[in-house]
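Geometric and topological summary
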Amino acid sequence: MELTPYVEKLRAELAVAAETGGEEARALAERLAVPLESAIRLTLLEALSAAADEITRELAPGSVEVRLRGLNPAFVVNTRQSPPDEHVAAPAAPAWDDAGEKGATSRINLRLPDELKARIDEAAARERLSANSWLVRAAAAALDAGVAPRPAARPGGTDLGQRYTGWAR
């Protein structure tokens, strides 16, 4: 996608607006046009990326990416489904999207071991998702499938789920 026509259109609009201010305003608009071009391009890229994220949420399990080639963005659309994970049965259709029900979201801080974070990043990249989107889908799939988290092992080697209390002789 070529951004230059859009940037040129905005430069022309700036020139038209400056005409009403006289010669000084026109000279100022000409001096500002070049530095503003990079800000305009960045703003357009941000808008395109936000649109691609929104489309990706609707296209799940497919995705849309915006890649920069030179100064111009290119869209990459992936509509194929990734193979299901052997250990987690994914629901046929997600009950809700990455934004949560009715668009409500909550922020949490999650501390992960570096090795697990790397594995999550790899899995998200394979599915062409952000790590956040991948974690939301994984959590939803686990909850929808009724998968309960395993209790953590105690330092002494006994699992919390196998601890008994009582009297013995």
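Per chain, residues are indexed from 1 in the order of the written sequence. Given that the model is predicted, a residue must reach a pLDDT of at least 70 before its local features are reported, and side-chain atom pairs must reach 80 or more before they are shown or counted; all residues, however, enter totals for whole chains, interfaces and linings. Values reported for side chains reflect all heavy atoms of the structure, with hydrogen atoms and water molecules removed beforehand.

As annotated in an unreviewed UniProt entry, the protein carries the name Ribbon-helix-helix protein CopG domain-containing protein and comes from Catellatospora citrea.

It is worth spelling out the overall build of the protein at this point. When you go through the protein residue by residue, the secondary structure sums to 4 helices and 2 strands. Under the scheme used here, helices are H or I runs from DSSP no shorter than 4 residues and strands are E runs no shorter than 2 residues, and both carry numbers assigned from the N terminus. Its helices and strands in sequence order give the protein the pattern α-α-β-β-α-α, from N to C terminus. Relative accessible area decides the class of each residue, using a 1.4 Å probe on protein chains only: under 20% of the type maximum gives buried, over 50% gives exposed, and in between gives partly exposed. Considering the protein as a whole, with its 169 residues, one finds that 18% of them fall into the buried category. Counting only carbon and sulfur atoms, one obtains 56% of the accessible surface of the protein, whose full area is about 13500 Å². Areas reported as accessible are Shrake-Rupley estimates using a 1.4 Å probe. Residue values count occlusion only from the protein chains shown.

Attention shifts here to the packing of helix α3 (residues 114-126) against helix α4 (residues 131-144). For the pair α3 and α4, interaxial distance at closest approach is 9 Å and the crossing angle is 95°. Relative to α4, the element α3 is oriented roughly perpendicular. Two secondary-structure elements touch here, α3 through I120, D121, A123 and A124 and α4 through A131, W134 and L135. Under the scheme applied, nonpolar residues are Ala, Val, Leu, Ile, Met, Phe, Trp, Tyr, Cys and Pro; charged residues are Asp, Glu, Lys and Arg; polar residues are all the others, including Gly. When grouped by side-chain class, the residues that make up the contact of α3 with α4 number 6 nonpolar, no polar and 1 charged. Between N-to-C directions, angles span 0 to 180 degrees; the directions come from axes that are lines fitted to C-alpha atoms, helices contributing only their stretch in contact. Angles below 35 degrees are treated as roughly parallel, those above 145 as roughly antiparallel, those between 65 and 115 as roughly perpendicular, and all remaining angles as oblique. Every residue pair with non-hydrogen atoms within 4.5 Å of one another is taken to be in contact.

Salt bridge, as used here: a side-chain nitrogen of Lys or Arg that lies within 4 Å of a carboxyl oxygen of Asp or Glu. For the structure on display, the rule yields 8 salt bridges. One network of salt bridges, in which partners are shared, links E8, R11, E37 and R41.

Bringing the UniProt feature "domain: Ribbon-helix-helix protein CopG" (unreviewed entry) in the protein into the picture now. The UniProt feature table records "domain: Ribbon-helix-helix protein CopG" (unreviewed entry) at residues 107-142. Overall, residues 107-142 shows 69% helix and 0% strand. The separation of its end C-alpha atoms is 19 Å. UniProt positions are given in the numbering used here, feature names are shortened, and annotations may be inferred rather than shown by experiment.

Attention now moves to the environment of A33. Considering the arrangement of structural elements, one finds A33 in helix α2 (residues 23-59). Each C-alpha atom of the pair A33 and A15 lies 8.8 Å from the other, and the pair is 18 residues apart in sequence. Ignoring any residue separated from it by four or fewer positions in sequence, one finds A33 in contact with R11 and L14.

By the secondary structure assignment, A50 is in helix α2. Once the C-alpha coordinates of A50 and V66 are considered, the two residues, 16 residues apart in sequence, prove to be 9.5 Å apart.

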